[in-house]
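Here are the chains, one letter per residue:
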Amino acid sequence: MYFDAASTAPLHPVARQALTAALDEGWADPARLYRSGRQARMLLDAARETVAAVLGARADEIAFTASGTQAVQLGLLGALAGNRRRGGHLVHSAVEHSSVLHVAERHEAAGGEVSVVPVDRGGRVDPEAFGALLRPDTALAALQSANHEVGTVQPVGEVAALCADAGVPLLVDAAQSAGRVDVPAGWSLLTASAHKWGGPPGVGVLAVRKGVRYASPLPADEREGGRVPGYVNVPAIVAAAASLRAVRAEAEQENARLHALVERIRARVPQLVPEVEVVGDPVRRLPHIVTFSCLYVDGEVLLTELDRAGFAVSSGSSCTSSTLTPSHVLAAMGVLTEGNVRVSLPYGTAEADVERFLAVLPDLVAGVRAPLGLDLPAPKATAEAATLVIDALGKRCPLPVIELAKRIGEVPPGGTVVVLADDEAARLDIPAWCEMRGQEYAGEAPAADYGGDRGSAYLVVRRTT
């Protein structure tokens, strides 16, 4: 069972079909005027239009790169160079992908300044804290749409508004979210990676809004708008675009299904395994990623045991990387950096596969801990769920609020109640009820993320009894 889609997703069937066809039809140089070149150019232009439509961009704002990492690096370096007259200050969150951190290190070594925005224990930045670090000489800000290790979704829209007010361009790394969820609004530059959504590896996307100052950090080249030099891989780009469109069309239904499976893992792992913590924001997160940390466990050993049992998972633990440095994401969150397991479900994951994972995990963890001779307490059995979904679709207010008041006691403090409602009054009444009763209103999400076919999902975190 392959549970590492956040690293790379299996090739989507549509991508495979499109790649095979494009190898026959789009192999020629799209810059040439003869027939086969024009044909390749038509395929490339169509792919660019498709990607632009899904990402909410214009076709002439899209450039294809050799990878998502290259897209991030070119985007950062090009925007910093284009805005050098404004200043040399870069702002980014503490949990960005390493491609951002490496560019920031280079920028600082060359005399630039870098400010890092901290995150809370769920891995989320505070928009106000982000905005407070913007300065008149800030040339660029960077914020990922969602985290690659724990799945936490960042408040991109709020940060983008603050950046716009300050006149600072914002680069959004959408590698983990592109194709799965809507692209957040307000970005100036956007990057993505095809193999994360089921396209072929070797295709990245760099989108630069018209009007954003950008100066290529590389020698001039006439291809890809002068932003990415070198010959483009037309067949791979065609396959990437076709799979992106297919995945986005399937996303609403598949996200709801994967979200339910991830909720099952989030709720049951702490019940099955002692001394374990599920990390990442419990509500504002991607539907397919769940990460947990097991105390007193060597992460590499546990991953090896899971592999022997037939499960391919990943980890943010230092012992599973090529360096001895702990995961900067988990360290920034202040959570355990060892014994970490990231499960990221690909499209089509079966419920039976998740159940088998939950069945074998307790014995594997116990086996890894056995040589330590620890006397660990058994997890406390509980009937309470971390998340409760209330279906109030078709009911007019105040009925959704009444249902919320009656059932919020079914989740423990810190647990989340999701109210599905299609009455517009719920958008006002539920936050108002939370304010009156001392509960936390955590925002609104698409109803489809929680199995609804219409309306919205209103998220409430229990804070008081």
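Residues numbered from 1 in each chain as written. Predicted model: local features only at pLDDT ≥ 70, side-chain atom pairs only at ≥ 80, totals over all residues. Heavy atoms only, no water.

Quick word on the sheet that holds strand S7 (residues 204-208)
- If you walk across this open sheet you meet the seven strands as S1-S7-S6-S5-S4-S2-S3, and the pairing is mixed. One side of each edge strand has no neighbouring strand; the edge strands of this open sheet are strand S1 (62-65) and strand S3 (113-117). The sheet shows a mean angle of 20 degrees between the axes of neighbouring strands, taken without regard to direction.
- In the sheet, strand S2 (residues 89-93) pairs with S3 via five bridges, with the strands oriented parallel. Across the sheet, the residue bridging to His-89 is Glu-113, located in S3. (Pairing = 2+ DSSP bridges. Helix = DSSP H or I, 4+ residues; strand = E, 2+ residues; numbered from the N terminus. Axes fitted to C-alpha atoms, helices over the stretch in contact; angles between N-to-C directions.)

Examining the environment of Trp-197
- With respect to the secondary-structure elements, Trp-197 resides in the loop between strand S6 (189-193) and S7.
- The buried category is assigned to Trp-197, whose relative accessible area is 2%.
- A sequence separation of 47 residues divides Trp-197 from Leu-244, and the C-alpha atoms of the two residues are 6.6 Å apart.
- Residues in contact with Trp-197, not counting those within four places in the same chain, are Ala-9, Ala-178, Ala-192, Val-205, Ala-240, Ser-243, Leu-244 and Val-247.
- At 3.2 Å, the side chain of Trp-197 and the side chain of Ser-243 are in polar contact. (Buried < 20%, exposed > 50% of the residue type's maximum accessible area, 1.4 Å probe, protein only. Contact = heavy atoms within 4.5 Å. Polar contact = N/O pair within 3.5 Å; in protein donor to acceptor, adjacent residues only side chain to side chain.)

A word on the pattern of salt bridges
- Per the stated rule, a full pass over the model turns up 26 salt bridges.
- Between Arg-48 and Glu-224 there is a salt bridge whose closest N-O contact spans 2.8 Å. Taken together, the positions of Arg-48 in helix H2 (residues 35-55) and Glu-224 in the loop between S7 and helix H7 (234-272) put the pair 176 residues apart, joining distant regions of the chain. Of the two residues, Arg-48 and Glu-224, neither departs from the other in class, the shared state being buried.
- Here Arg-308 makes a salt bridge to Glu-305, at a shortest N to O gap of 2.9 Å. With Arg-308 and Glu-305 both in helix H8 (residues 299-308) and three residues apart, this pair spans about one turn of that helix. (Salt bridge = Lys/Arg side-chain N within 4 Å of Asp/Glu carboxyl O.)

Focus: unusual backbone geometry
- Between Cys-397 and the following residue, Pro-398, the backbone shows a cis peptide bond with an omega angle of 20 degrees.
- Within the secondary structure, Pro-398 sits in the loop between strand S11 (387-391) and helix H11 (399-407).
- Backbone geometry places Glu-224, a non-glycine residue, at a positive phi of 50 degrees.

Notes on the sheet that holds strand S12 (residues 416-421)
- Taking strand neighbours across the sheet as the criterion, the four strands line up as S11-S12-S14-S13 in an open arrangement whose pairing is mixed. The open sheet is flanked by S11 and strand S13 (440-446), the only strands paired with a single partner. Across this sheet, the average inter-strand angle for adjacent strands is 20 degrees, counted without regard to direction.
- Here five bridges tie S11 to S12, and the two strands are oriented parallel to one another. Its bridge partner lying in S12, Thr-387 is registered against Thr-416.
- The strands that helix H12 (residues 426-437) touches are S12, S13 and strand S14 (456-461); relative to S14, the one it contacts most, it runs at about 0 degrees.

A short note on H8
- All of the buried residues in H8 are Gly-299, Leu-302, Leu-303 and Leu-306. For H8, the angular spread of buried residues about the axis comes to 100 degrees, placing them on one side. Residues of H8 that are exposed and point over 90 degrees away from its buried face: Asp-307 and Arg-308.
- Contacts from the buried residues of H8 go to strand S9 (289-294), strand S10 (340-344) and helix H10 (351-369).
- Here H8 starts with a cap whose side-chain oxygen sits 2.9 Å from the backbone nitrogen of Glu-300, and that cap is Asp-298.
- Note on H8: the residue one or two positions beyond its end, Gly-310, has a positive phi of about 100 degrees. (Arc of directions from axis to C-beta.)

Side note on the pairing of S14
- Of all the six residues making up S14, six are buried; the element is thus mostly covered by neighbouring parts of the structure.
- Neither face of S14 is left uncovered, since the one carrying Ser-456, Tyr-458 and Val-460 and the one carrying Ala-457, Leu-459 and Val-461 both have all their residues buried.
- Pairing of S12 with S14 involves six bridges; the strand directions are antiparallel. Of the residues in S14, the one forming a bridge with Val-417 is Val-460.
- Of the strand pairs in this sheet, S13 and S14 are connected by six bridges, and their pairing is antiparallel. Bridged to Tyr-441 within S14 is Val-460.

Some details on a nonpolar patch on the surface
- On the surface, Tyr-296, Leu-372 and Leu-374 cluster together into a nonpolar patch covering about 290 Å² of accessible area.
- Within the secondary structure layout, Leu-372 lies in the loop between H10 and S11. (Patch = residues over 30% accessible without salt bridge, like charges linked within 9 Å, V, L, I, M, F, W, Y side chains within 5 Å. Areas by Shrake-Rupley, 256 points an atom, 1.4 Å probe, with all protein chains shown as cover.)

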